[in-house]
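# Understanding the architecture of this molecule
Take a look at the letters that make up each chain.
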Amino acid sequence: MKQLSRKLLPSTSALAAFDSVARLGSFSLAADELSLTQGAISRQVSGLEEQLGVMLFDRTSRGVVLTTAGADFAKAIAGALSQIRSASLHAMTKRHSDQLNLAILPTFGTRWLMPRIPGFVARHPEITLNFATRIGLFDFDRDGIDMAIHVGQPEWPGAECTFLMDEMVAPVCSPAFLSSHPVVQAQDLLRLPLLHMASRPGGWKHWFESLRIAGSMSEGMRFEQFGSVTQACLAGLGVGLMPLFLIDTELASGQLVEAFPHQVVSPSAYYVVAPQAKASFPPVVAFRAWLMEEVARYRQEIVAW
């Protein structure tokens with residue numbers, strides 16, 4: 001039984017070496033990634049194969065290729081290694097009370113939040129921010145996250161949701177696309193390729209209903225991030241229903257234009273969320289207060305426009 005238990009628990013160094021080779025397809029590249037020699041990587045993988053009793057790679061003159069067993073094993077351990085890395089980071093950062101692990105939305109984070117972060121850093125140099133990307137609800141404790149930016153409804157079990165802002169959306173596309181697909185009335189959009197966001201499944205329906213328009217919509221392409229929708233619009237693939245504040249730059253430069261001049265408030269809104277157990281955690285309190293100030297300033301700028 002002890003011998004079996006040992007076989008079922010390979011060393012993390014061997015697993016890390018195998019994972020790196022599996023991802024990069026090369027012993028030398030894995031050695032560079034892990035700051036080890038190629039020989040050390042080879043020995044770790046060979047030892048793992050011997051321990052498991054299966055061949056994980058086919059060695060050829062052109063490199064290494066995962067066997068069927070190797071591919072299955074790589075897929076199975078990827079999540080476990082990711083959890084171990086997250087747990088290690090969590091343990092390291094939790095030794096200090098001046099760390100804030102913040103989950104952000106990809107496009108909101110890069111387009112709206114990140115340009116403003118230097119202001120928080122200047123005000124709170126004692127707090128170190130650690131960023132992670134998350135879409136949708138997740139387990140704060142499991143992921144080692146103290147606070148999150150959330151879009152949707154203020155419904156998060158065991159957490160406090162503080163309203164940040166609504167999002168105003170409108171149909172946008174490239175000027176070239178609009179030129180070749182003229183839109184005279186809103187109904188014309190029904191016959192065009194509409195780009196959809198996975199997190200806003202009812203977005204287009206809500207927009208058409210605001211104009212009391214009924215009809216079958218194009219299925220169109222579906223995306224998980226607004227950044228991808230933006231790129232698809234720029235490439236002339238269709239019309240995207242975009243939060244306008246996320247594409248300020250493209251609208252100002254003329255790279256994107258409104259396909260039809262009708263803006264509506266999205267059913268989804270932005271919230272800053274923290275688990276109830278972290279409500280009084282100093283970095284959480286500081287970041288929430290700063291963020292609310294930034295949102296208030298942003299609203300004043302919109303009114304000024």
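Treat the numbers as computed from the prediction; the structure is a model and nothing was measured.

Quick notes on the rules
- Residues numbered from 1 in each chain as written.
- Predicted model: local features only at pLDDT ≥ 70, side-chain atom pairs only at ≥ 80, totals over all residues.
- Heavy atoms only, no water.
- Helix = DSSP H or I, 4+ residues; strand = E, 2+ residues; numbered from the N terminus.
- Rg over C-alpha atoms; globule rule 2.2 N^0.38 Å.
- Buried < 20%, exposed > 50% of the residue type's maximum accessible area, 1.4 Å probe, protein only.
- Pairing = 2+ DSSP bridges.
- Axes fitted to C-alpha atoms, helices over the stretch in contact; angles between N-to-C directions.
- Parallel < 35°, antiparallel > 145°, perpendicular 65-115°, else oblique.
- Left-handed = near helix turned anticlockwise from the far one by under 90°.
- Contact = heavy atoms within 4.5 Å.
- Nonpolar A, V, L, I, M, F, W, Y, C, P; charged D, E, K, R; others polar.
- Polar contact = N/O pair within 3.5 Å; in protein donor to acceptor, adjacent residues only side chain to side chain.
- Core = buried A, V, L, I, M, F, W, Y, C linked by side-chain atoms within 4.5 Å.

### Here's the deal with the overall build of the chain
Within the chain, the secondary structure is distributed over 13 helices and eleven strands. Taken against the 2.2 N^0.38 rule, which gives 19 Å for 305 residues, the C-alpha radius of gyration of the chain at 25 Å runs more than 25% over that of a compact globule. Once the C-alpha set of the chain is aligned to its principal axes, its extents read approximately 70 × 50 × 35 Å. Scored against the burial criterion, the 305 residues of the chain give a buried share of 42%.

### Thoughts on the pairing of strand β11 (residues 264-275)
Within β11, ten of the twelve residues are buried, leaving the element largely enclosed by the surrounding structure. Relative to β11, strand β5 (residues 147-152) runs antiparallel, the two being bridged by five bridges. Each residue of the ladder has a partner; that of valine 151, found in β11, is tyrosine 270. With nine bridges connecting them, strand β6 (residues 159-173) and β11 associate as antiparallel partners. Counterpart to aspartate 166 in the pairing with β11 is alanine 269.

### Here's the deal with the packing of helix α2 (residues 12-24) against helix α3 (residues 27-34)
Interaxial distance between α2 and α3 falls to 8 Å at its minimum, and their mutual angle equals 125°. Classified by the interaxial angle, the pair formed by α2 and α3 is oblique. By crossing handedness, the relation of α2 to α3 is classed as right-handed. Residue-level inspection shows Ala16, Ala17, Ser20, Val21, Arg23 and Leu24 of α2 in contact with α3, the latter providing Phe27, Leu29, Ala30, Glu33 and Leu34. Residue classes in the contact of α2 with α3 are distributed as eight nonpolar, one polar and two charged.

### A short note on the side chain of glutamate 250
With respect to the secondary-structure elements, glutamate 250 resides in helix α12 (residues 248-253). Glutamate 250 gets classed as buried once you look at its relative accessible area, which sits at 7%. Only 2.6 Å separates the side chain of glutamate 250 from the side chain of arginine 111, close enough to count as a polar contact. Dropping the residues within four chain positions of it, glutamate 250 is found in contact with Arg111, Thr230, Leu234, Gln255 and Leu256.

### Side note on the nonpolar core
Within the largest apolar cluster, 42 residues are counted, with the highest numbers of intra-cluster contacts made by Phe108, Trp112, Leu113, Tyr270, Phe287 and Leu291. Top contributing element to this core by residue count: helix α13 (residues 282-304), with seven residues. Beyond its immediate sequence surroundings of up to four residues, leucine 113 is in contact with Leu102, Ile104, Phe108, Phe287, Trp290 and Leu291. Of all hydrophobic cores here, the second largest spans 18 residues; its members include Val183, Ala186, Leu189 and Leu194.

### So, the packing of α2 against helix α4 (residues 38-52)
Viewed as axis vectors pointing N to C, α2 and α4 meet at an angle of 105°, and their least axial separation amounts to 8 Å. In terms of axis orientation, α2 runs roughly perpendicular to α4. Of α4, the residues touching α2 (which contributes Ser13, Ala14, Leu15, Ala17, Phe18 and Val21) are Ile41, Gln44, Val45 and Leu48. Tallied by class, the residues present in the contact of α2 with α4 amount to eight nonpolar, two polar and no charged.

### A look at unusual backbone geometry
The phi torsion at serine 35 lies on the positive side, around 55°, for a residue other than glycine. Considering the arrangement of structural elements, one finds serine 35 in the loop between α3 and α4. Looking at serine 35, the relative accessible area reads 65%, which means it is exposed. Positive phi is not limited to glycine here, since arginine 212 has a value of about 55°. As for its position among the elements, arginine 212 is in the loop between α10 (203-210) and β8 (222-223). We classify arginine 212 as exposed; its relative accessible area is 82%.

### Concerning the environment of histidine 262
Within the element layout of this structure, histidine 262 appears in the loop between β10 (257-258) and β11. Histidine 262 gets classed as buried once you look at its relative accessible area, which sits at 18%. Sequence spacing of histidine 262 and valine 169 is 93 residues, and the spatial spacing of their C-alpha atoms is 8.6 Å. What histidine 262 contacts, discounting residues up to four positions off in sequence, is Val169, Ala170, Pro171, Trp207, Ser210 and Leu211.

### A word on the pairing of β6
Two faces make up the sheet, and in a regular strand the side chains alternate between them. Looking at chain direction, β6 and strand β9 (residues 239-243) are connected through four bridges and run antiparallel. In the sheet register, valine 169 faces β9, and the bridge partner there is proline 243. Note: β6 against β10, two bridges, orientation antiparallel. By the bridge assignment, valine 172 is partnered in β10 with glutamate 258.

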